[in-house]
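The residues making up each chain are set out below.
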Amino acid sequence: MRGGDAGAAAEAGSPRSPDLYDLSDDSDYAAAAAAAASDHTTDLADRGSDVMAGIDVVYEKERVTIHLTQYGSGRISGKLRLFLQKGSLFLSWEPNEGADSLSTSSFGVEIEKYRNLYTIKALPLSDVRFISKHTPTFALGYIIIVLSSGLAFPPFYFYNGGIRELFATLKQHVFILRSDDNPNVFLVNDFQDPLQKSLSSLELPGVATVANAMSRQNSLSFTGSVDETRHGADERHGEASSMSQYGSKQRHKSNDPGRDLSIQVLEKFSLVTKFARDTTSSLFRDNSGAHGYGRQQHEYVFDNKASDKHKNQYMTPEKASIPSATQESDPLPLVWGKQRDCPLSVEEWTAFLDPEGRVMDSKALRKKVFYGGVDHVLRKEVWKFLLGYHEYDSTYAEREYLAAMKRAEYEAIKSQWKSISATQAKRFTKFRERKGLIDKDVVRTDRSVPFYEGDDNRNVVVLRDILLTYSFYNFDLGYCQGMSDFLAPILYVMEDESESFWCFASLMERLGANFNRDQNGMHAQLLALSKLVELLDPPLHNHFRQNDCLNYFFCFRWVLIQFKREFSFDQVMLLWEVLWTHYLSEHFHLYLCVAILKRYRQRIIGEQMDFDTLLKFINELSGQINLDRAIQDAEALCTIAGENGASCIPPGTPPSMPIETDGGLYVQEDEVL
């Protein structure tokens, strides 16, 4: 452990008294803290630090840290401040220069690249909707700041404490109200509290991570441009804020904000409508949308109807039309996606293998699967490679040995919950809750498929056993509604309990963040989707902006379970193996979302769909989408977007693979615990 972090490690690792009474709600404590903060401000002024004229710092804390990876091994430490200017309270967070920003993996090379993207120069507290506070007994405390737009900053971890002092200071300058539904949520400047019912009915924070991936030429400064009038022309004072880029998965074994999601996401999805109206982005609504991405070297002209011709062509700049600001035609057309190929055959699969069973050209194999899928008789073997259960350079003998070892390991994990007696279960609330939810879900998962239909179906029992075993294998994440949707096709293909479990576990390594309690993984993807639509279809993006749809919650189901409800069972298997290749992009599903929205853009804009109408329309598209055409369009959009598209998606956004760990175990560092 690094010497400089020893104090924080000891503090974080030592037991703290449970928060039976939160002193941040105590007026005497708040007054004392305010006096201390006032003294601290005087000291700062005397030191002649970077406190500028007209700015009074009322709170300052070092080692307030953002974790860049789900294990906390890559992180950026900085200084959090509250300061007053012209009677208004602002928040800032500035990263330290190198010394306090640590990484134990190769991700450390990227820290400098993202340091400026996470900087918050001046966030008006009037733009904050609520602050979620978490102070675990045996772990680091952290806060999540959620804007009135529904956007959220990444969790800020306090390595040297200071959360109570922060709230005490806030109470001196803004109106803070504890939520009736969630004691960890503090509403800011909310006198009527319309969010209470939204939070309780949705059972999720309902926030979208600020995940705007800014390049040097395409940087967006949200707060400065949006609230220039309301906050005294920030630009004149050099205070234009830069929101954090954040999409990393935040699942940590001991103190992660996304543990143990036990909400009924899909059943509650229809209730998103009311929430969206309450928290639609005022930042985006006030933004003129003039901030655009740099035009590419070639201007492409898109015609939705022309994609039926399957022509590999694009327009040169001489032939292209330059769209005006008010033009509703599509300025970015496709370089036509390649026509779909036949599935990978047994003969082709055999040709990819050397005599010992190694895949000789994994990229060529993934390309073949991407463009044609896999013959069903081969899925049992090929899916193991696509999902990461087998390595491409493994031999027949190595895979046989691995299967035997994994089978024994699976049985050992399964025995943990199988051995729980009825008496023990009475005292094991979490087990009872998860088992009850799994029992309820498996009997309604893909029951129209012959493999799962009928009463007393053995495959339904196996489905339940695998999900219960996974809840013990990954006890932090546990079981969440929607997981059974992912497992059902895998079990159908594998027809083997152990292999299905390990393939499912590998898939959850990529998509587990979709089910975190704070919905960080989901909202990172929805924000990335928003930026992709802004890049690839500005008129559609403007329509969503004008109709309060920029949270993209109407695509929630698409993203959460990877279009499982939109296509038939057979089509879903084809789509998923295309997505699992990661051939053009590991986030190809987001380009697929854009392609589908683009396909129906004329109707969406023509009928002036608002959020409610759009949500209903999107749900009714289930079973109506041409999958082959959608994949072709998504391929073309991915090609057009290029590096600009990749920059819209922050590092760590699902389904990014997590950092490698030793033996697949959770890595816990002394500084974190």
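Structure: above.
Here the residue index of a chain counts from 1 through its sequence in written order. Thresholds applied to this predicted model are a pLDDT of at least 70 for local features of residues and 80 or more for the giving and counting of side-chain atom pairs; totals over whole chains, interfaces and linings are not thresholded and use all residues. The basis for the side-chain values is all heavy atoms of the structure; hydrogens and waters are excluded.

### A word on the environment of Leu-550
Basically, it comes down to this: Helix numbering and strand numbering both begin at the N terminus, where a helix is a DSSP run of H or I of at least 4 residues and a strand a DSSP run of E of at least 2. Each residue gets one of three labels from its accessible area relative to the maximum for its type: buried under 20%, exposed over 50%, partly exposed in between, using a 1.4 Å probe on protein chains only.
Within the secondary structure layout, Leu-550 lies in the loop between helix H21 (538–546) and helix H22 (556–560). By relative accessible area, which is 5% here, Leu-550 ends up buried.

### Brief notes about the environment of His-173
Quick reminder of the rule: By definition, residues are in contact when any of their heavy atoms lie within 4.5 Å.
Examined against the element boundaries, His-173 turns out to sit in helix H4 (residues 163–173). Overall, the relative accessible area of 36% leaves His-173 in the partly exposed class. Along the primary structure His-173 and Val-58 are separated by 115 residues, whereas in three dimensions their C-alpha atoms are 9.7 Å apart. Not counting residues up to four positions away in its chain, the partners in contact with His-173 are Val-58, Leu-84 and Leu-89.

### Here we look at the packing of aromatic side chains
What counts here: Two rings from Phe, Tyr or Trp (for Trp, the six-membered ring) form a pair when their centres sit within 6.5 Å of each other. Planes less than 30 degrees apart are called stacked, planes more than 60 degrees apart edge-to-face, and all others tilted. Working rule: Lys NZ or Arg CZ, within 6 Å of ring centre, within 35 degrees of ring normal, means a charge sits over the ring.
This model, assessed by the stated rule, comprises 36 aromatic pairs. Within the aromatic cluster, the residues linked to one another by ring pairs are Tyr-410, Tyr-470, Tyr-473, Phe-501, Trp-502 and Phe-504. Above the ring of Phe-167, the side-chain terminus of Lys-133 is found at 5.0 Å from the ring centroid. The aromatic ring of Trp-502 is capped on one face by Lys-406, whose charged end is 4.1 Å from the ring centroid.

### Quick notes on helix H16 (residues 429–442)
Given 3.6 residues per turn, any residue in an α-helix points the same way as the ones three and four places further on. To keep it simple, the criterion reads: In this scheme, a helix's expected span is set at 1.5 Å multiplied by one less than its residue total. Relevant arc is that of directions from the helix axis to the C-beta atoms, nothing else.
Between its first and last C-alpha, H16 extends 20 Å over 14 residues, near the 20 Å set by a 1.5 Å rise per residue. Burial in H16 covers these residues: Phe-431, Arg-434, Leu-437, Ile-438, Asp-441 and Val-442. Angularly, the buried residues of H16 cover 140 degrees about the axis, an arc narrow enough to put them on a single face. At its buried positions, H16 is contacted by helix H14 (396–418), helix H15 (422–426), helix H17 (458–473) and helix H18 (483–494).

### Details of the packing of helix H13 (residues 376–386) against H18
Formally: Working convention: axes come from line fits to C-alpha atoms, limited for helices to the stretch in contact. Angles between N-to-C directions cover 0 to 180 degrees. Roughly parallel covers angles under 35 degrees, roughly antiparallel covers those over 145, roughly perpendicular covers 65 to 115, and oblique covers all other angles. Take the far helix as your reference; a near helix turned counterclockwise from it by less than a right angle gives a left-handed crossing, and one turned clockwise gives a right-handed crossing. In this classification, Asp, Glu, Lys and Arg are treated as charged, Ala, Val, Leu, Ile, Met, Phe, Trp, Tyr, Cys and Pro as nonpolar, and every other residue, Gly included, as polar.
At their nearest, the axes of H13 and H18 sit 8 Å apart, and the two run at 115 degrees to each other. Looking at the two axes, H13 sits roughly perpendicular to H18. Read as a crossing pair, H13 and H18 show a hand that is left-handed. Facing His-376, Arg-379, Lys-380, Trp-383 and Lys-384 of H13, the residues of H18 in contact are Pro-489, Ile-490, Tyr-492, Val-493 and Met-494. Looking at the contact of H13 with H18 residue by residue, the classes come out as six nonpolar, one polar and three charged.

### Considerations on unusual backbone geometry
Pro-655 follows Pro-654 through a cis peptide bond whose omega is 10 degrees. By the secondary structure assignment, Pro-655 is in the segment after helix H27 (627–647). You will see that Phe-563, though not glycine, has its phi angle at about 65 degrees, which is positive. Its location among the elements puts Phe-563 in the loop between H22 and helix H23 (569–580). Relative accessible area serves as the criterion here: at 0%, Phe-563 is assigned to the buried category.

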